[in-house]
Amino acid sequence: MNSPPDLTTVLLVEDHRAVAEGLWALLDDYDDLTVVGWADSVAEAVPMTEQLSPQLALIDYRLPDGTGADAAARIRAHDPAIAVVMLSADTSDDALLAAVEAGASGYLLKSAGGDEIAAAIRAAAAGETLIPARTLMDVLARHRETSRATTQQTERLQSLTSREQEILALMTQGLDNRAIADRLTISYATVRTHVRSILEKLQARSQLEAVAKATDWGFRPAQPGSAPESDGP
């Protein structure tokens, strides 16, 4: 497709027809921008790119068969010269990082106005990166901290013995120490010893807090009563 050199050609990748039509009409109001086509899925994005050779892809982050990052990665694998701007309602750090890793130059929220979207398209098509380095550094720092916390949580859960996991599973069902002892046919004192160990390993101040932490960290109890450890009386 031949276009004047000062005209930026745009491919829309958006699964909602009404949104795509709205964006198409909005961008057509700018003399230096033109929409050359519309894909409604990750699978359709590359064939449309091959057919239309746009300078920029404006991509919704949530698509029916994947993410905008998936579409961006495939488009840029086909033609690294195509710029990408992500348009999304997702404000999470994970979405932003995925977009950046896939080669997106910009990440806009769907609440952005027409002039902001048009300016982002122009800048990205000109080779500019629209995500401030400070923003990206902050996101990466939060991501590393979250990864460390998740690793620590997993390690704490894995430090529980099979008997402690069994008792924690019964705690999540609302059983108190006496009921747990009766259920497992072990002594009340043994249950208390295990519960103290569980609280220490999960850094919890109460059984309720231990249950809340374990649940939040993704604890999936095995069926109580299966292959218990020997605890004594």
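Residues numbered from 1 in each chain as written. Predicted model: local features only at pLDDT ≥ 70, side-chain atom pairs only at ≥ 80, totals over all residues. Heavy atoms only, no water.

Trainee: So what exactly am I meant to see when it comes to helix α3 (residues 68-78) here?
Mentor: An α-helical turn contains 3.6 residues, so a residue and the one three or four places further along point in the same direction. Listed in full, the buried residues belonging to α3 are Gly68, Ala69, Ala71, Ala72 and Ile75. For α3, the buried positions fall inside an angular range of 155° around the axis, keeping them on one side. Lining the buried residues of α3 we find α2 (42-52), β3 (56-60), β4 (62-63), β5 (66-67), β6 (83-88) and α4 (93-101). (Buried < 20%, exposed > 50% of the residue type's maximum accessible area, 1.4 Å probe, protein only. Helix = DSSP H or I, 4+ residues; strand = E, 2+ residues; numbered from the N terminus. Arc of directions from axis to C-beta. Contact = heavy atoms within 4.5 Å.)

Trainee: Would you explain the packing of aromatic side chains in this entry?
Mentor: Two aromatic rings, taken as a pair, are described by how far apart their centres are and by the angle between their planes. Here the structure, examined in full by the defined rule, presents 1 aromatic pair. Here Arg178 stacks its cationic end above the ring of Tyr188, 3.9 Å away from the centre of that ring. (Phe/Tyr/Trp six-rings, centres within 6.5 Å; stacked < 30°, edge-to-face > 60°. Lys NZ or Arg CZ within 6 Å of the ring centre and 35° of its normal.)

Trainee: Sorry, what's going on with unusual backbone geometry here?
Mentor: Phi is mostly negative for residues that are not glycine, and the peptide bonds are mostly trans. For Thr185, which is not a glycine, the phi torsion comes out positive at approximately 55°. Note on placement: Thr185 falls in the loop between α8 (177-184) and α9 (188-202). A relative accessible area of 71% means that Thr185 is categorised as exposed.

Trainee: Mind showing me how you'd approach the pattern of salt bridges here?
Mentor: Between side chains of opposite charge, a pair can form when the charged atoms approach closely. A complete count under the given rule lists 9 salt bridges for this structure. Note that Glu164 is salt-bridged to Lys201, the shortest N-O span being 2.8 Å. Residue Glu164 is found in helix α7 (residues 162-172), and its partner Lys201 is found in helix α9; the two are separated by 37 residues along the sequence. Lys213 is paired through a salt bridge with Glu209; the nearest N and O atoms lie 3.8 Å apart. Taken together, the positions of Lys213 and Glu209, both in helix α10 (residues 207-216) and 4 residues apart, correspond to about one turn of that helix. Residue classification places Lys213 among the partly exposed positions, given a relative accessible area of 22%. The class of Glu209 is partly exposed, set by a relative accessible area of 21%. (Salt bridge = Lys/Arg side-chain N within 4 Å of Asp/Glu carboxyl O.)

Trainee: Sorry, what's going on with the pairing of strand β1 (residues 8-13) here?
Mentor: Looking down a regular strand, the side chains alternate between one sheet face and the other. Most of β1 is tucked away: 6 of the 6 residues are buried. Pairing analysis gives 6 bridges linking β1 to strand β2 (residues 33-39), with the strands arranged parallel. Along β2, the bridge assignment pairs Leu11 with Gly37. A crossover links β1 with its parallel partner β2, the connecting element being helix α1 (residues 17-27), and its sense is right-handed. Pairing of β1 with β3 involves 4 bridges; the strand directions are parallel. Within β3, the residue paired with Leu12 across the bridge is Leu58. (Pairing = 2+ DSSP bridges. Right-handed = clockwise from strand over helix to strand, strands pointing away.)

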